[in-house]
Amino acid sequence: MLHDKLYAERMEVVKPSAIRELLALANQPDIISFGGGFPDPTLFPTEKLINVFTDVMRNNGGTALQYTSSDGLPSLREKLCARMKKTGGVDCTIENLFIIQGGQQGMDLVAKLFIDKGDVIVTERPTFLGGLIAFNQYQPQYKCCSMDKDGMNMDELEEILKTTKKVKFIYTIPDFQNPMGVCMSLERKKRLLALASKYNVIILEDTPYREIRYEGEHVPTIKSMDKEDRVIFLGSFSKILSPGMRLGWVVAPKEIAAKMVLLKMAADTQCSTLNMWLVDRFMDMYNIDEHIEVLRSAYLRKRNVMLKVMQEAFPASCSWTIPQGGLFTWLTINPKLDSEKVMKEHILPEARAAYVPGAGFFPLNVEHNHARVNYSCVPDEKIIEGINKVGAILKRLD
Ligand SMILES: Cc1ncc(COP(=O)(O)O)c(C=O)c1O
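Residue indices begin from 1 for each chain and proceed along its sequence in written order. Local features in this predicted model are restricted to residues of pLDDT 70 or higher, and side-chain atom pairs are both shown and tallied only at a pLDDT of 80 or more, whereas totals for entire chains, interfaces and linings draw on every residue. Neither water nor hydrogens contribute to the side-chain values; these are computed over all heavy atoms in the structure.

**A closer look at the overall build of the chain**
And then number 1: Counting secondary structure elements, the chain contains 12 helices and 14 strands.
And then number 2: Whereas a compact globule of 398 residues would reach a radius of gyration of roughly 21 Å, the chain reaches 21 Å, a difference of no more than 12%.
And then number 3: Expressed as lengths along the three principal axes of its C-alpha atoms, the size of the chain is roughly 60 × 55 × 55 Å.
And then number 4: The 398 residues of the chain split such that 56% are buried. Working definition: helices are DSSP H or I runs of at least four residues, strands are E runs of at least two. Numbering for both runs from the N terminus. As defined in this context, the radius of gyration uses C-alpha atoms, and a globule is described by 2.2 Å times the residue total to the power 0.38. To sort residues, take the accessible area from a 1.4 Å probe on protein chains only and compare it with the maximum for the residue type: under 20% means buried, over 50% means exposed, and anything in between is partly exposed.

Right, dumping it as structure tokens:
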């Protein structure tokens, strides 16, 4: 190709994935897609946001349409500090907290700040594909810890930290992990902090699903137990309000936050002033907790619908996680099957349904017999139809 010699070295690892191309096929209107990690669009508070938009334009249009500072609107940051205290048990000030374009930008900024080529990031295995996409451009090496129903395996983490040089940070999604839907136990969170302290590494705590808990007890955030300023916390409005607004936040030690804001300034100057105003005023005019409560009960209902049909329709060789929150379950199918091949050859053409094949979630030692199955974005009757059809195929291939 004409430009091949001109591209930066980092582009060697920045490539479209086969799974993304496969998922593009799932975008046709007649496909029942359990693929995207999307919230249910019928639950967006659109009427309320029309009122908020009108209010902002009438009373503060000039400011809301103007540039603002790179760290974001102070009043929204103040509100988020109060929310961090209330829902996350974290004491912070607006010097620790700044606004980003969703958690995705937070992962990019953290990797840009800490990773030189060859440095090591420790992740869960499987882990969030979007995290790997953000990190890959900085050419890290990965070390991974396996997962069970209580989260990351801490013995494996200890072994990695003991034997590996240049570990910069540990990336974890402790609440309703993407893709598995499981939570890290309190005991493991404490051990994670102790290990990070012993080996002097940063913890990146990514929490977009934390507030969507519909069963069980909240486990304290890792950040709330951080006595040594080594946890960077990522929050997001994507799953509790709207992903299209592209807003999230970082809570970090002051010095790290200031450096990340410099990198954000270089990347995009700031988040949309208008969207920050909308969210800020939304939280003044309406009760966001009431809205989140509506989401919780809807997603609990959808989860129940999906797991019941799985129980009835899937062969005994299959198992799946029972998430107490979040948007998806992690399906394990007969180990003789490859979930990507099954989707391409049977599920898409015959069932007109889709999931995310699990392989892309493994940075190392890829396993092929898993899939992430989303229930938040599909109407109940379509969940029943789609899961029954997927089950019939899995039974036939079993
Ligand atoms: C674990 C995890 N982190 C981060 C994100 C990024 O979300 P956003 O950038 O919309 O806040 C997602 C989105 O699905 C996610 O699942």
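**Concerning the site of the ligand**
And then number 1: In this text, near means that some heavy atom of the residue lies within 4 Å of the molecule or strand in question. Among the 14 residues in the neighbourhood of the ligand, the closest are listed as Gly-103, Asp-206, Tyr-209, Ser-236 and Ser-238.
And then number 2: Polar contact is the term for a pair of N or O atoms within 3.5 Å; when the atoms are in protein, one must be able to donate a hydrogen and the other to accept it, and sequence-neighboring residues count only if both atoms are side-chain atoms. Contact between the ligand and Gln-104: an oxygen atom at 2.9 Å from a main-chain N or O atom of the residue.
And then number 3: Between the ligand and the protein, one listed contact pairs an oxygen atom with a side-chain N or O atom of Asn-178 at 2.7 Å.
And then number 4: In isolation the ligand exposes 390 Å². Once the protein is present, 91% of that is buried.
And then number 5: In terms of residue count, helix α4 (residues 102-114) provides more of the shell around the ligand than any other element does, 4 residues in total. For every accessible area listed, the method is Shrake-Rupley and the probe measures 1.4 Å; residues are considered covered only by the protein chains on display.

**Things to note about the sheet that holds strand β5 (residues 151-152)**
And then number 1: If you trace the 8 strands from one edge of the open sheet to the other, you get β2-β9-β8-β7-β6-β3-β4-β5, paired in mixed fashion. Edge strands, defined here as strands with exactly one partner in the open sheet, are β2 (97-100) and β5.
And then number 2: Contacts: residue pairs with any heavy atoms within 4.5 Å of one another. To get an axis, fit a line to the C-alpha atoms, keeping to the stretch in contact for a helix; angles then go from 0 to 180 degrees between the N-to-C directions. Contacts from helix α7 (residues 186-198) reach β4 (141-148), β5, β6 (167-172), β7 (202-206) and β8 (231-236) within the one sheet, and its direction differs from that of β7 by about 150°.
And then number 3: Helix α8 (residues 254-268) contacts β2, β7, β8 and β9 (248-251) of the sheet and is inclined by roughly 25° relative to β2. Here, any two strands with at least 2 DSSP bridges between them count as paired.

**Side note on unusual backbone geometry**
And then number 1: Residue Pro-126 follows Arg-125 across a cis peptide bond; omega there is 10°.
And then number 2: The residue Pro-126 is located in the loop between β3 (120-125) and α5 (129-136) in this model.
And then number 3: Of note, the bond from Asn-178 into Pro-179 is cis; its omega dihedral lies within 30 degrees of zero at 20°.
And then number 4: Of note, Pro-179 is situated in the loop between β6 and α7.
And then number 5: At Phe-176, a position not held by glycine, the phi torsion is positive, near 50°.
And then number 6: Structurally, Phe-176 can be placed in the loop between β6 and α7.
And then number 7: For Phe-176, a relative accessible area of 2% puts it in the buried group.
And then number 8: Positive phi values are uncommon outside glycine, yet Arg-352 reaches one of about 50°.

**Quick look at the pattern of salt bridges**
And then number 1: Only one rule defines a salt bridge in this text: a Lys or Arg side-chain nitrogen within 4 Å of an Asp or Glu carboxyl oxygen. Scanning all chains against the criterion turns up 34 salt bridges.
And then number 2: Asp-55 is the salt-bridge partner of Arg-281, the closest N and O atoms lying 3.0 Å from each other. You can see Arg-281 sitting in helix α9 (residues 273-285) and its partner Asp-55 sitting in helix α2 (residues 46-64), a full 226 residues away along the chain.
And then number 3: Of the residues examined, Asp-55 reaches a relative accessible area of 18% and is grouped as buried.

**Description of the packing of aromatic side chains**
And then number 1: Classification of ring pairs uses Phe, Tyr and Trp, with its six-membered ring standing for Trp, and accepts pairs whose centres are within 6.5 Å; under 30 degrees between planes counts as stacked, over 60 as edge-to-face, and the remaining range as tilted. Using the criterion set out here, one finds 8 aromatic pairs in the structure.
And then number 2: Measuring from ring centre to ring centre gives 5.4 Å for Tyr-209 and Phe-328, while their planes differ by 75°; the resulting arrangement is edge-to-face. With Tyr-209 in the loop between β7 and β8 and Phe-328 in strand β11 (residues 328-332), this residue pair connects regions lying 119 residues apart in the sequence.
And then number 3: Among the residues examined, Tyr-209 registers a relative accessible area of 4% and is labelled buried.
And then number 4: Accessibility expressed as a relative area gives 1% for Phe-328, which makes it buried.
And then number 5: Judged by centre distance (5.9 Å) and plane angle (90°), the ring pair of Phe-314 and Trp-320 falls under edge-to-face.
And then number 6: Ring pairs connect the aromatic residues Phe-135, Phe-169 and Tyr-171, which therefore count as one cluster.

**Side note on the domain arrangement of the chain**
And then number 1: Partitioning the chain into domains gives domain 1 (9-45 + 290-397) and domain 2 (47-285).
And then number 2: Note that the domain bounds reflect an automated or database-derived domain assignment. Spacing between the C-alpha centres of domain 1 and domain 2 amounts to 25 Å.
And then number 3: In this assembly, 34 residues from domain 1 lie in contact with 41 residues from domain 2.
And then number 4: Once two parts are brought into contact, the accessible area they lose, counted with a 1.4 Å probe and summed over both, makes up the buried area. Together, the buried faces of domain 1 and domain 2 total about 3,300 Å²; carbon and sulfur atoms form 63% of this surface.
And then number 5: Counting across the domain 1 and domain 2 interface gives 3 salt bridges.
And then number 6: Viewed at the interface, domain 2 and domain 1 are joined by 21 residue pairs in polar contact (both at pLDDT 80 or more).

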